[in-house]
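Here's the letter readout for the chains.
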Amino acid sequence: MLASEDISTANDSLLTKVLSLHPQVALRPEPFGALAYHFDNRRLVFLKHPDVVTVVSALHPPLTLAEVLTQCGISPRRWPSFQTAIASLLGSEMLHEH
Amino acid sequence: MSTSSLVAQMKQGLDAPICLTWELTYACNLDCVHCLSSSGKRDPRELTTAEAKSVLDQLRDLQVFYINIGGGEPTIRRDFFEILEYSISQGIGVKFSTNGAFIDAPRAKQLAAMDYLDIQISLDGIDAATNDAVRGAGSYAKAIRAMDNLAAADFGPFKISVVVTRHNVDQLDQFKALADSYGAQLRVTRLRPSGRGADSWHDLHPTNAQQRQIYNWLMAHGDNVLTGDSFFHLNALGDPLPGLNMCGAGRVVCLIDPIGDVYACPFVIHDEFKAGSVREDGGFAKVWRESPLFLELREPQSAGACASCGHFDACQGGCMAAKFFTGLPLDGPDPECVSGEGAAALAAVTAVPVPMMDHSRRPVTNGAQSVSLMPSRASR
């Protein structure tokens, strides 16, 4: 339990961040969600749920991640899993921070 | 969604391929003994520049992020740079495979100035003796010269692509060191008995002991080495290798050949696996989405004779192309099954498929009809 608590604490700071899709990233809808491809670093990433696609597509300044999650109607109970997904996308540079 | 359910979804096919290989020409300056497309001579029916651009328009609309261009030797086409530049201008990245013969210093500079471009140079031995035995005299020197030219032009991290054979399997560490010395990325893939590979496979494919050697090497280096996910048949040896562990044919992968025919994967240029043509109404998109062959490949596949084997979930029965061209049933073991089932099955094979096409420059020896305009062997 400790490890997952550490992760969720680390990801909490994400909620106040202003993020957007990297300009070199293209999203392609697929039945499971979407594919994201980064034309600079050539990474291909799977967005494995349509709701993650909705959230990622809705990211734009000056909204914080928390504001976007709210705007997309994502229940706060599901926020931790979204934070994990967003942290991973930030790590692979699919998203960037303003 | 877990990775396994993602794989399950991908087996039902994607709206467009992730990995599309497009062989631009059957013409090639080399005559590699394992050429998967039996290339050599240009086919008079090859797509025109205008047709190629219209295929690219459609791939752009399908949001295909990048394409793998090959051949034959794609740089032989006079409109090669025009096609390359058009693709990139449409937002489709390009990785092209080449033997390097035509990448001189000026061309290397031209390539280095382009964005969204990756280059993959084929090399099948760490020295001229090993490489040239497979790829032909002088091909090692040409490949190395191309790498030197790309490095001098500051191209960045190009790729060195190695087909693993019985004779170069001991050189994997040296290939990695060579790639590192150029700041390049190493790619190693599995030898398939496709094209002229059908004739050379029995002499070139790794032994059973060497398969374990490849598996162990990939487990140690897999995160830094590209494989095209081509070694998933080795997963029966232990923990899974990095990658999707599935056959992508017709599901996430396909091939467009130089005359516009669409096949399930680059290793199955045969009527059995031809889904249609980009020249038909509806073009590539219709073939990808509606061809009966691709729809069938996206259905759950039977484990057949492998159903009782405890490793089936790991190896998935191996590679469709490897089975087909060695005369094995598609719902049985891979010819290189690490449990040894393949060797037993191969011993019972009485006939292998006749190739549908052969563009080799040398005389045809396997009974296939050549489409060339050269006199046939019989009339000479």
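Residues numbered from 1 in each chain as written. Chains lettered and ligands numbered in written order. Predicted model: local features only at pLDDT ≥ 70, side-chain atom pairs only at ≥ 80, totals over all residues. Heavy atoms only, no water.

### Regarding the overall build of chain A
Step number 1: When its secondary structure is counted, chain A shows four helices and five strands.
Step number 2: Of the regular secondary structure in chain A, the N- to C-terminal order runs α-β-β-β-β-α-α-α-β.
Step number 3: The buried share of chain A, reckoned over its 98 residues, is 43%.
Step number 4: The contacts in chain A between residues at least 6 apart in sequence include a share of 56% that link residues at least 24 apart.
Step number 5: Here chain A has roughly 4900 Å² of accessible surface; of this, 60% comes from carbon and sulfur atoms. (Helix = DSSP H or I, 4+ residues; strand = E, 2+ residues; numbered from the N terminus. Buried < 20%, exposed > 50% of the residue type's maximum accessible area, 1.4 Å probe, protein only. Contact = heavy atoms within 4.5 Å. Areas by Shrake-Rupley, 256 points an atom, 1.4 Å probe, with all protein chains shown as cover.)

### Observations regarding the packing of aromatic side chains
Step number 1: According to the stated counting rule, one finds 13 aromatic pairs over all chains in the structure shown.
Step number 2: When the ring of F80 of chain B is compared with that of F81 of chain B, the centres are 5.5 Å apart and the planes differ by 85 degrees; the resulting orientation is edge-to-face.
Step number 3: Grouping aromatic residues by their ring pairs yields a cluster made of Y37 and F39 of chain A together with F65, Y66 and Y116 of chain B.
Step number 4: The residue whose ring lies beneath R192 of chain B is F267 of chain B, and the NZ or CZ to ring-centre distance is 4.0 Å. (Phe/Tyr/Trp six-rings, centres within 6.5 Å; stacked < 30°, edge-to-face > 60°. Lys NZ or Arg CZ within 6 Å of the ring centre and 35° of its normal.)

### Some words on helix 3 (residues 80-89) of chain B
All names here are of chain B.
Step number 1: All buried positions along helix 3 are accounted for by F80, F81, I83, L84, S87 and I88. All buried residues of helix 3 fall inside an arc of 160 degrees around its axis, so they share one side.
Step number 2: Check the buried side of helix 3 and you find it contacts helix 2 (49-61), strand 2 (66-70), strand 3 (93-98), helix 4 (105-112) and strand 4 (117-122).
Step number 3: Just downstream of helix 3, G91 is the residue with a positive phi angle, here 80 degrees. (Arc of directions from axis to C-beta.)

### Considering empty space enclosed by the protein
Step number 1: In the structure shown here, the tally under the stated rule is one cavity of 30 Å³ or more.
Step number 2: The computed volume of the largest cavity comes to approximately 40 Å³. (1 Å grid on protein atoms, 1.4 Å probe; cavity = no way out; pocket = protein on both sides within 12 Å on 5 of 7 lines; lining within 4 Å. Points joined across faces, edges and corners; volume = space filled by probe spheres on them.)

### Topic: the interface of chain A and chain B
Step number 1: Every contact between the two is made by 16 residues of chain A and, on the other side, 20 residues of chain B.
Step number 2: Carbon and sulfur atoms make up 62% of the surface buried where chain A meets chain B, a total of about 1700 Å² over both sides.
Step number 3: Of all residues in chain A, the largest losses of buried area upon contact with chain B belong to R28, F39 and K48 of chain A, amounting jointly to 37% of the total for that side.
Step number 4: Connecting chain A to chain B are one salt bridge.
Step number 5: Note that R42 of chain A and D118 of chain B form a salt bridge whose closest N and O atoms lie 3.0 Å from each other.
Step number 6: Listing elements by their share of the side of chain A that touches chain B, those giving two or more residues are strand 2 (25-30), strand 3 (33-38) and strand 4 (44-47) of chain A.
Step number 7: For the side of chain A that touches chain B, the element with the highest residue contribution is strand 2 of chain A, accounting for five residues.
Step number 8: Grouping the amino acids of the side of chain A that touches chain B by side-chain chemistry returns ten nonpolar, one polar and five charged. (Buried area = accessible area lost by both parts, 1.4 Å probe. Salt bridge = Lys/Arg side-chain N within 4 Å of Asp/Glu carboxyl O. Nonpolar A, V, L, I, M, F, W, Y, C, P; charged D, E, K, R; others polar.)

### A closer look at the sheet that holds strand 3 of chain A
Residue and element names in this part refer to chain A.
Step number 1: Strand order across the open sheet formed by three strands is 2-3-4, with antiparallel pairing between neighbours. Only two strands of the sheet have a single neighbouring strand rather than two, namely strand 2 and strand 4. When the angles between neighbouring strand axes are averaged without regard to direction, this sheet yields 20 degrees.
Step number 2: Note: strand 2 against strand 3, six bridges, orientation antiparallel. Counterpart to P29 in the pairing with strand 3 is A34. (Pairing = 2+ DSSP bridges. Axes fitted to C-alpha atoms, helices over the stretch in contact; angles between N-to-C directions.)

Geometric values such as these leave the question of function open.
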